Structure formats: structure tokens, C-alpha cells
Amino acid sequence: MNFLNPEALVFAVTLPIVVVFYLLKRRRMVQLVSSTIIWKRFLNETQASSPFQKLRHNWLLIIQLVLLALAIFALIRPYFSGKSESGRFVVVILDISASMQATDVSLNRFEHAKAEVRKMIDGMYDNDEMILILSGGRTEVLQSPTSVKSILRKALDQAKVTDSPTRLLDAIKLSQNLTRNRSKVEVHLFSDGVSSDLDTFELQDLNLVYHRLGEGGDNLGIVSLEVRSSLEQSYEQSVFATIGNFSTNAMSSEVTLFFNDQMIGNRNLTVGPTNTASLVFSTNQSTNGVFRVRLKKDDVLKVDNVGSVMGLTRRNVDVLLITKGNIFLEKAIRSIGDVDLIVKSSLTDSDPKVDVVVLDSIRPSVWPMGNVMAINTQSTNWFQPSGLLEDPPIVDWKTTHPLLRFVNFDNIQVAQAVNSELPTWMSPIVESSSVPLIAIGENDGQRALWVGFNPLDSTWPLRVSFPIFIANAIDWLNPKIVTNLRVGEPFSMRMLDKDSMVLVTLPDGEIVQTPTTGNGELVFADTLQQGVYHVKSGTNKISFCVNLLDGVESDIEAKDILELGQYGRVEATVQLDTNKELWRWFAIICLLLLMFEWWFYHRRTA
Amino acid sequence: MPINPEVMETLISNDLMKRLEQLQLLAQRRSKSSSKGERRSRARGYSVEFADYRNYVPGDDLRRIDWNLFGRLGRLFLKLYEEERELPVTIYLDASESMLFGEVTKFDFARQVAAAIGYVSLCGFDRVTVEPFPLVDSQKSLAGELRSVRGRHSSIRFFDNLNQLKVGGAGDLNQVLRLGSIKHRDPGIVVVLSDFLNLDGYEAGLRSLTNRGSDLHAVQILAEEELEPSTYGDLKLIDSETGAEQEVTFGKYRLKTYQMTVHKYCQRLRDFCQARGIHYQMAQSNTPIDDFLLKAMRSGGMWR
């Protein structure tokens, strides 16, 4: 059995009240009388001797009749007819981005929006359908189309605001897809309009109603935060923070820096109206830890007053170069800062564990552990060369790939290259007309960079692009774990154990168990909260920080007009037309009348 | 022990007493009492009222022969005169606990009425008996002194005795009247002063009195509180005589219904009395006694 309006069960409270009324023992006044004979006769006469009696004027009767009439009236659920029509398909998009946490309206914008949506649900006709969509950093269908108000209310109660930036575009596009080929469509957007991605959307026939939430107010927010190690001193770290003022008045605040929850710096900062100001904290921290910047200013949006960033001490990359002798390559590697290079002529089992192994014209019997750069390597289980190719021209290279950043192959000639087919997990990034010259790939968690020619057989070592490429290659082969993310960005890192369970502790203390992928990679995407996340896998622990750092989100001025694409404009509506049922009022009047009747009855007999 | 004559005034004022002295009890039937008195009777005796003639028989008193008639007719006739006998007046006075209610208690009112009737009777040389009931042991001697009181000179003691009567206990009206009808066989005037609020009713008692050929008067005395109760709300009523409890919810809105019930109760008694030739009077205990005695009782055929 389902109930359309289970909230009405709250009126069940009146049942025990009525019982309590009857439980109250009436205290009778003791009266000595000459004789009870006449009283007995009086009582006998007043008791019903016939099934009907003459109807007399009695206020109690009138009150009870009114009471019953009101109860019946409430049961038939009367309502005022609004502008809504029956049989509608209503899409409700609820903004759950960080700016909805602004407290410029009672409670906050999000709770206000929920209240508005609740009213809309209450005003639905029985044959109306509604779908609830949450729009934050990600778009999520909270409730599929239904006419059952209790389900919609329950789903709405589960909606929570996040710390993520607003991405209204996806939600609007989704609603457009959902409402295609449907009639009587209404799309209601409950938002503050703070979204930067609406320019690309062309509003066509979508009946979009924008319910603006929020009044705007003074807000100071952290819009960027970064920590960098000094190039000279590895233990010297600088924390850069940019504070934005999104009000029309100059605002000042104390900015405090914490390292692992210990205050290590405090400054007063004044930011001009609609302006930003930067500050730098220099610290000497020899250990890894979390820097946290906090604005003390009490403004309407709290979420952007705090930012956290991981401070990691610099560590050199260990590179093992196996070569018969390549001065250019060795110099190029040594020229990269933060690299500890070991040069050997052959690959042995006793080689130390390093981050990157560079094989220069060496054919390994077994590929070494770790990431590998293989230069001019032939006849292995990965590559089966079919011969040499003389003077291959370089015809194409992927300039957008991070490996080839600032690398140009325009004036490079190669004398000969290995004519080899690539394994399936590799893809070329520099190609000749028929063969790949440089290829990259990842095999079972191991990154590999293959150069299909000897640089000494080319003009490349004489070009500036060579050391740049080597530097890029060492960077790519030694990927750094990104420990500072924006809200909604996934965190990924390679774990040693494959198919193991990793415990991630969220900023609010909740612990989430996440499995690693088949190749030992952890991808954690539930980063909708701002703060520090702790990952634990066996005895290994790592932390990463998630921040809002979004100037658009911090600018909490609610937009009166939503500009969609080049021409689309949706103005905010102020009032929501809904069918307002009146039965609750009648029920309340019934209750009051019941109480009045009780009082009246006792007053009359007192 | 000498009795202060002022005791009479506690029951009946001097003015009222003087007016009562001018009244005479009305008896519809001739007295059948065996004692001499001042009331006409069917018996023949030696009064001045001529009654009849009868033939002379030897042994008759020669002084009573009508010699004028003997002169005219030559036959001896004896002249007969009416015998004047006393009129017994019996007053049943309800002294049960229920009579203790009212601003002027019902018992006080009844005692005043009894005193007035007794005084008129004593002035008329009739024999007065007051039967208070229920009779507690301490008052038995007092009740004895209230029996067969005669002569105006006895009125002070009569009043004093009446004054000393106390209220208490539960009275059984029917039994008292039944016993009274056996005890006082001579027909005369019988007055019942009561509220007639008895569990067992009053019919059997009154019926037993009617069999004796007396002139019966029933005076029902009710307190104002019984006619128009002023206490409202959820009440637990306790019967003063039996201690029985009765729960009732009473409000102003039910007053009329209650008064209707009282009226019906009284009307039933009135109808019962009328059907049996009993004079019925209803009095509220706070009615001025003068008005009741001189107007209501006179119009009710008690005296003239």
C-alpha cells in the first residue's frame, strides 16, 4: 500500500491527545442533598426513552457539525487552481555546487532551493511527472520520472550540496534529451546562475524556467593556491595564495597558514573591490605535510575560505643509463636538475632499483623493472625488426603530446632507422613515411619509450630539441603523483599491489573502500568534498588535497539572467505558480475547534 | 419547671397568634370522639342544641320530658339534645434528616405550621397530638408529652415541647402513617407535614389514613435548593438520609428539565391526594409563615 501524503501522519499526534482527554478523570464535587429521589427521576427522564428527540439549540451540536464538515472538506483535498496544467512533464535541475552554500538567504541557498522544489512537488497534479536532476561538478539523475510525491520528497531529502564548481550545461543538455518528443514540458532550474559553461549551449525549444536563488553578499575567497620548492634549497618551500574579493567594497582579512594543523604564519590582507591579491609564505619544512590556508573573514560563503595543499620535499630521480658510450645522451640527462645518474655498460641483475632505465643500443635479455627508455633497441620480445631503413624522412610528430612539448623535428635528418613493427600496446608519436621512429606505450603498468634509431646516426643530438626531449622523456617516465586536485577531479596513482582494496578517508571522516584496477592503478573519483584525503593500502599511506579554487564559484552574486549561447537569455522568475492545497488549514481549524469544544464543554458544566 | 411564655414567640409571633385565635378548624364530619368537647357530634347528650324527640320509656330522666307536648298531645315524649364532643387533631411531623435543608429549614417551617394548627386546636378545646417521626430514643418522652394535649392553658408547654424537637435519622413515612391510623382510631383532623421525599413512596401511608374517615391534610414542604438548585458542574450527590451516592452532571441548561421533574413529582402527589379527598398544600420553606397560614391554609380548607 502506498500513501500519497504520508507526512499527514504527523496529525496522528492528535489521537493520543484525544485519548488523554478521555483519560482525564473528571473530578466531581461532592454535594450533600436532602434526597436523591428527584435526581434519580430527573436522570431517568433525561435518558433517551425514545429513539428520537426534538432537536434543540445546542452549541456543542453546532461545533461538532462544523468539525465534521471541516474534516470531510479536508479529506476531499480542496485546492486553489494555479496556472499549472495537468499531465505535465517537469524536469527539476537542482544546483548543488559550492556557491549554493552561501548563507545570504535563510539557512543557505541550497536549503532554500529544496524548500521551493518541495512546494513544487506539493503542487503537482496526480498525472504530472517529475524528474529530479542534481547539477554540481557532475550531473546526476536523483530521481527518474515519477508521479508519486512521496518518492520525490524522499529523493529530495537525500540531495546534498557539494563543494564542487557549477556545470549547468550538462544538466540542461540532459534535460533537453529527456524532454525530447514530449509535450507539456517544463524545465525548472533552481540555481544562483553561477556557471561558466553556458556560452556554448544554444537554447532551442526548451521551456526553461530559471528560479534564481540568493541575494548576493560580501565574499572573500581563495582562488589559487600552490606550493613550490626552492630550486636552491630543497627544504625551502613557498606557498602562493591568491585571494579574490567579489564584493564592491574593499575587504580585509587575516590569512593564516597552517602546516599539519600547526600555525606557521599569519598576515593581514586587504583586497580592493572586485580585485585579487596574492601573497607568498616562505617556510622551511623538511618533511612532507599539508599546508592549509585559512581566511578568518566571516563572509556568506565559507567553503572558499579554506584551501589545502600538499607540501612534498623535492626528491631526485634515479636514472640508470646502460650505454656503450653516448656523450650527448649522458650530457642531456645530466643537464636535467634533480636527476641522479648511474652509467653502466651492461645490464645486470644486481643493478640498483631506479626510477628510469635508459637502454642505449642495448638488447636486453629481460626487460628491466620500472619504466624504460629504449634507444635503438632491436630483436627483443617487444620489437622484431625486419631490417634497416635508410634515410627515413620525419614526416609527422604529435606536437600536443607532453613528450614533444617544445620539441621540433624540422631540421633533423636520420641516417638509418630500425624497420620494426610496434607491439599493440605502443603508439607512435614521431613517424617516418612508413615506419614509426619514436613510440610510447604502457604495458602492464610499465611505461616504455622507444626510439627506433640511434641518435648518433642523426643530426638530432646537435639540435636543441634533443635535450628538451630527453628532459620531457625523463619527466614522462617518472610520472609525479598529482596530490593537489580541484573538486571533482579524479585522483589516480599506481599501487604496488594489484587487485587490492584501498581505504580512502574523506575529509568528513567517512572511510571508503576502493579496489585497484587489474594493473594496480587506483582511480578515486569521489572527490566532491574539499579538504585532505588519506589513502591507505597496507602499510603505505599517502594524502592528497582537493580544493575549490574557483573564482567563478566564489563570485556569489546571483545572476538575474542566464545567458545561453549567443542569443539565449532566460530571466529569473520570482514566484512559483503551484496548486496550493488547503486541506491542512482545514485540519488545523478542526483541531482548534476540537480543543474549543472541550473547553466550552467544561466551561458550561463548571 | 416553669416555662417562659416567650418560648411561644420563637415559633409564632404574638400578632399571628392573635389572628390564629380567631380561626376555627373546619371539620367536614361530625366528631365521633368519645370524650366531651365543644364539637357537634351525632351522639345525644346534655348540650343546649335540640336534636330530636323520642317516646318515653320507664327509667328515663323525668327532667327531660317535654311537658308542653304532653299537655297538647297527652303522650310522654322525651326531649333529646346533641352531645358535644372533642375533635382529635393529629399532626404527623416529619423530623427526618432530609428536613434539615433550606435557608429556613423545612423542619422549622413544618414545626411552625404544626404549632399554628395545634394552637388553633387548643383554642377550640380540641385534643392535639403531634407525632414526630422518626422517633429517636432521646425524644420519646418528648413525643409522649405531645400526645393528647388539650386546652389553651397547655399551649405554652405544647410550644415548648415542639421547640425541643430535633431532626435526625431516616423516616419511614408509610409505616408511621399506618401505625398512626391504628393508634388514633377516632376520626378527626389529620395533618401530614413532610417533604414526601421517601424512597418507598407515600401512597400506602396516606391510603391507610383515608380509611378512618378523618379530614386529611397533606402539606408538602420543599426547600428552595430542591426546587431550583444553584450548584452546577460534575456533582457527586449524597443522600442525607440513606447516604446513597448519585453522580450527575448538571448545568444551567438542564435546570428547566429538573424543575419539570420536580413539578411532575409534586403534581403526582397532588393528584393522589385529590383522588382521595385529601387536602394538599405545597409550600416552599422560605415562604413567610403568615402568608401560608392565613392564605394558603385557609383557602386549603384547614380553618376559617
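Here the structure is a predicted model, which is why all the values come from computation and not from measurement.

Thresholds, definitions, all that
One numbering rule holds for all chains: residues counted from 1, following each sequence as written. Chain letters start at A and ligand numbers start at 1, both assigned in the order the entries are written. Where local features are concerned, this predicted model is filtered to residues with pLDDT of at least 70; where side-chain atom pairs are given and counted, the filter is 80 or more; whole-chain, interface and lining totals use all residues. Secondary structure follows DSSP: runs of H or I at least 4 residues long count as helices, runs of E at least 2 residues long count as strands, and numbering of each begins at the N terminus. Neighbour density around each residue's C-beta defines its exposure: 20 or more other C-beta atoms within 10 Å make it buried, 12 or fewer make it exposed, and counts between make it partly exposed, where C-beta atoms are placed from the backbone. Placing a C-beta atom from the backbone of each residue, one calls two residues in contact when those atoms lie within 7 Å. Two strands qualify as a pair provided that DSSP identifies no fewer than 2 bridges between them. Crossovers are marked right-handed if the path from the first strand over the helix to the second runs clockwise, as seen with the strands pointing away from the viewer. Axis definition: a line fit to C-alpha positions, over the contact stretch in the case of helices; interaxial angles, taken between N-to-C directions, run 0 to 180 degrees. Relative orientations are named as follows: roughly parallel for angles under 35 degrees, roughly antiparallel for angles over 145 degrees, roughly perpendicular for angles from 65 to 115 degrees, and oblique for any other angle. Basically, the charged four are Asp, Glu, Lys and Arg, the nonpolar ten are Ala, Val, Leu, Ile, Met, Phe, Trp, Tyr, Cys and Pro, and anything else, Gly included, counts as polar. Note on terminology: a nonpolar core is any set of buried Ala, Val, Leu, Ile, Met, Phe, Trp, Tyr and Cys residues joined through C-beta atoms within 7 Å.

Visitor: Kindly report on the overall build of chain A, identifying the contributing residues and their values.
Guide: A tally of helices and strands in chain A yields ten helices and 34 strands. Across the 606 residues in chain A, those meeting the buried criterion constitute 33%. Look at the contacts in chain A between residues 6 or more apart in sequence, and 68% of them connect residues 24 or more apart.

Visitor: I'd love a proper account of the pairing of strand β3 (residues 88-94) of chain B, names of residues and values included.
Guide: Walk down a regular strand and you will see the side chains alternate between the two sheet faces. All names here are of chain B. Among the seven residues in β3, seven count as buried, and that is most of the element. Alternating positions in β3 separate into two faces, Pro88, Thr90, Tyr92 and Asp94 on one and Val89, Ile91 and Leu93 on the other, with burial throughout. As judged from the seven bridges shared by β3 and strand β4 (residues 127-133), these two strands associate in the parallel manner. Residue pairing in the sheet places tyrosine 92 in a bridge with glutamate 131 of β4. Following the chain from β3 across helix α4 (residues 106-123) to the adjacent parallel β4, one finds a crossover that is right-handed.

Visitor: So what's going on with the packing of helix α4 (residues 109-122) of chain A against helix α5 (residues 149-158) of chain A? Which residues, and what values?
Guide: Residues and elements named next belong to chain A. For the pair α4 and α5, interaxial distance at closest approach is 10 Å and the crossing angle is 175 degrees. Between α4 and α5, the angle falls in the class roughly antiparallel. Seen from α4, the contacting residues are Lys114, Val117, Arg118 and Ile121; seen from α5, they are Lys149, Leu152, Arg153 and Leu156. Residue composition of the contact of α4 with α5, by class: four nonpolar, no polar and four charged.

Visitor: Please provide a residue-by-residue account of the sheet that holds strand β13 (residues 289-295) of chain A, values included.
Guide: Residues and elements named next belong to chain A. What the four strands build is an open sheet, ordered β11-β10-β13-β14; its pairing is antiparallel. A strand with exactly one partner marks an edge of an open sheet, and here the two such strands are β11 (262-271) and β14 (306-311). Averaged over all pairs of adjacent strands, the angle between strand axes in this sheet comes to 20 degrees, irrespective of strand direction. The pairing of β13 with β14 spans six bridges and is antiparallel.

Visitor: Provide a residue-level description of the nonpolar core, including the pertinent values.
Guide: Val92, Ile93, Leu94 and Ile133 of chain A are the most contacted members of the largest nonpolar core, which has 74 residues in total. By size, the runner-up hydrophobic cluster in this structure holds 72 residues, among which are Ile12, Met99, Leu206 and Met302 of chain B.

Visitor: Describe helix α2 (residues 37-46) of chain A, listing the residues and the values that go with them.
Guide: Regarding α2 of chain A, the residues found buried are Ile37, Ile38, Trp39 and Phe42 of chain A. For α2 of chain A, the secondary structure elements touched by its buried residues are α9 (224-227), β7 (233-239), β8 (245-250) and α10 (255-275) of chain B.

Visitor: Can you tell me about the interface of chain A and chain B, naming the residues and giving the values?
Guide: Taken together, the contact between chain A and chain B spans 22 residues of the former and 30 residues of the latter. Every element with two or more residues in the side of chain A that touches chain B is listed here: β1 (29-33), α2 and α10 (583-605) of chain A. If you tally residues by element for the side of chain A that touches chain B, the top one is α2 of chain A, at nine residues. Residues belonging to the side of chain A that touches chain B are distributed by class as follows: ten nonpolar, six polar and six charged. Relative to β7 of chain B, β1 of chain A runs parallel, the two being bridged by five bridges. Note on β7 of chain B: the bridge partner recorded for valine 33 of chain A is aspartate 239 of chain B.

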